[in-house]
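Structural characterization, general
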Amino acid sequence: MNYEQTCQYLFSQLPMFERQGSKGYKPGLQTTEVLDAHYGHPHRQFQTIHVAGTNGKGSVSHALARILQDAGLRVGLYTSPHLVDFRERIRVNGEYISKEYVVDFVADYLLWRQETETSPSEGRLEGAPSFFELTTALAFRYFADQKVDVAVIEVGLGGRLDSTNIITPVLSVITNISLDHTQFLGSTLAEIAAEKAGIIKRGVPVVIGETTPETRPVFEQKAREMNAPIVFAEEFEMPTPLPDFELKGAYQEKNLRTILCAVAQINSTLNIQHSTLNIQNLGLLGRWQTLKTRPLVVCDTGHNTAAWQYLVPQIQAQPCRQLRLVFGMVDDKDIDTVLSMLPKNAIFYFTQASTHRAIPAEVVAEKAAAHNLRGATFPTVSEAYQQALADASPNDFIFVGGSSYLVADLLSSETA
């Protein structure tokens, strides 16, 4: 198989939450541990920083990786989902994993599966791993082969049962908790916090980015059980002047506090000295990303109510002649609450991402009408966006968002 065929195998033949939803969600560490043993426990060959949370964990992970790289370390970065290219998920010092490595790894995996199916032995896989389980094994093996000093590992979903949770990091970070993926993680903030707190390891410091009266006691109790030093970023004294942070979304202010608090812990754990912090050139797509200036076009992957609490005021604060929103969501999000928050003076272009989880554009429009939001429907993100561009004057503002997959479709069409 070539690279494109290999990616197609990963996306179509393995259970994949991002495309299938609950059918692709496979909690638990048993399969990951079998894969880890087969590949020689690669994660033990480098230090790690583990990042969980509902929102912001991608931004925090990218920033920490960049800071560590600027400090002279060789740094791996494992994040999800990707928006345009699968290789966005796995990087060393900002460079994507090579296509050849991905192809060779999957070919080796398929050969191993064939051998174990014909000659059963201890340590064999019971059924196919999920997309995320195999991708995690790929990332860890790649980082070991690349001889990284440290890898920043973003949790996929939750924490306690996430495939990445086989690591014992030098630092754990939990950005925040909000109601998301409730069908898997729990229906209350406290229940979700307990799942995220599952990444707290014995004796390993943990930084908590944001808390609520419901979540703070959960983190404090888990830290006590694990004898893990706990630091709350909300209590961290910010330095002056603040470093110039590349990411400009309003919600990034709290992420920056979490990042700087984590850096203070890293300094004491890894003895890294920073004369100045450079939080630029992160290579992170879809975070208040400007695509055009006349008209101004911005896209953002914020996809739940917690994210939109920050996005809506920032969208409304943008001076423009007319606000235009290209909008769609997927089926496990609280779309009615998000719709209730959206500006009534916007012209909407309702659409759906190219995933089975996308809410059909007509359904989005019907729900939006109940909130006095009006617009036209479009079968693809590209068609919705092109119509918004055609309708816009140079002084209009076009915002594209509601789902990571919607932004992924947009960026893919723009780079095609």
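Residues numbered from 1 in each chain as written. Predicted model: local features only at pLDDT ≥ 70, side-chain atom pairs only at ≥ 80, totals over all residues. Heavy atoms only, no water.

**Overview of the nonpolar core**
Counting residues in hydrophobic clusters, the biggest one holds 39 residues, and the most contacted among them are Leu10, Phe86, Ile90, Phe105, Tyr109, Leu138 and Phe143. Elements with a minimum of two residues in this core: helix H1 (3-13), helix H3 (30-38), strand S3 (90-92), helix H5 (99-118), helix H6 (131-145) and strand S5 (150-154). In contact with Leu10, not counting residues within four places along its chain, are Phe86, Val106, Phe131 and Leu134. Counting 30 residues, the second-largest nonpolar core is a separate cluster that includes Val150, Leu247, Leu256 and Ile259. (Core = buried A, V, L, I, M, F, W, Y, C linked by side-chain atoms within 4.5 Å. Buried < 20%, exposed > 50% of the residue type's maximum accessible area, 1.4 Å probe, protein only. Helix = DSSP H or I, 4+ residues; strand = E, 2+ residues; numbered from the N terminus. Contact = heavy atoms within 4.5 Å.)

**Some thoughts on the sheet that holds strand S6 (residues 171-174)**
The strands that make up a sheet pair up through hydrogen bonds in the backbone, lying either parallel or antiparallel. With mixed pairing, eight strands are arranged side by side in an open sheet as S4-S3-S2-S5-S1-S6-S7-S8. Looking at which strands have only one partner, the edges of the open sheet turn out to be strand S4 (95-96) and strand S8 (230-232). Here helix H9 (residues 216-226) sits on the sheet in contact with S6, strand S7 (206-208) and S8, set at roughly 155 degrees to S8. (Pairing = 2+ DSSP bridges. Axes fitted to C-alpha atoms, helices over the stretch in contact; angles between N-to-C directions.)

**Quick word on a negative patch on the surface**
Taken together, the side chains of Glu100, Asp104, Asp108 and Glu115 make up a negatively charged region of the molecular surface. Note on placement: Asp104 falls in helix H5. (Patch = residues over 30% accessible without salt bridge, like charges linked within 9 Å, V, L, I, M, F, W, Y side chains within 5 Å. Areas by Shrake-Rupley, 256 points an atom, 1.4 Å probe, with all protein chains shown as cover. Salt bridge = Lys/Arg side-chain N within 4 Å of Asp/Glu carboxyl O. Lys, Arg positive; Asp, Glu negative; His and termini not counted. Charge placed at Lys NZ, Arg CZ, Asp CG, Glu CD.)

**Some words on the pattern of salt bridges**
Applying the stated criterion across every chain, the model contains 11 salt bridges. Two residues, Asp70 and Arg66, come together in a salt bridge whose shortest N-O distance is 3.3 Å. Linking Asp70 with Arg66, this pair stays in helix H4 (residues 57-70), spanning four residues, or about one helical turn. Between Asp85 and Arg87 there is a salt bridge, and its shortest N-O distance comes to 3.2 Å. Like Asp85, the residue Arg87 is buried in the burial classification. Each of the salt bridges in this network shares a partner with another, and the network as a whole consists of Arg216, Glu220 and Glu235.

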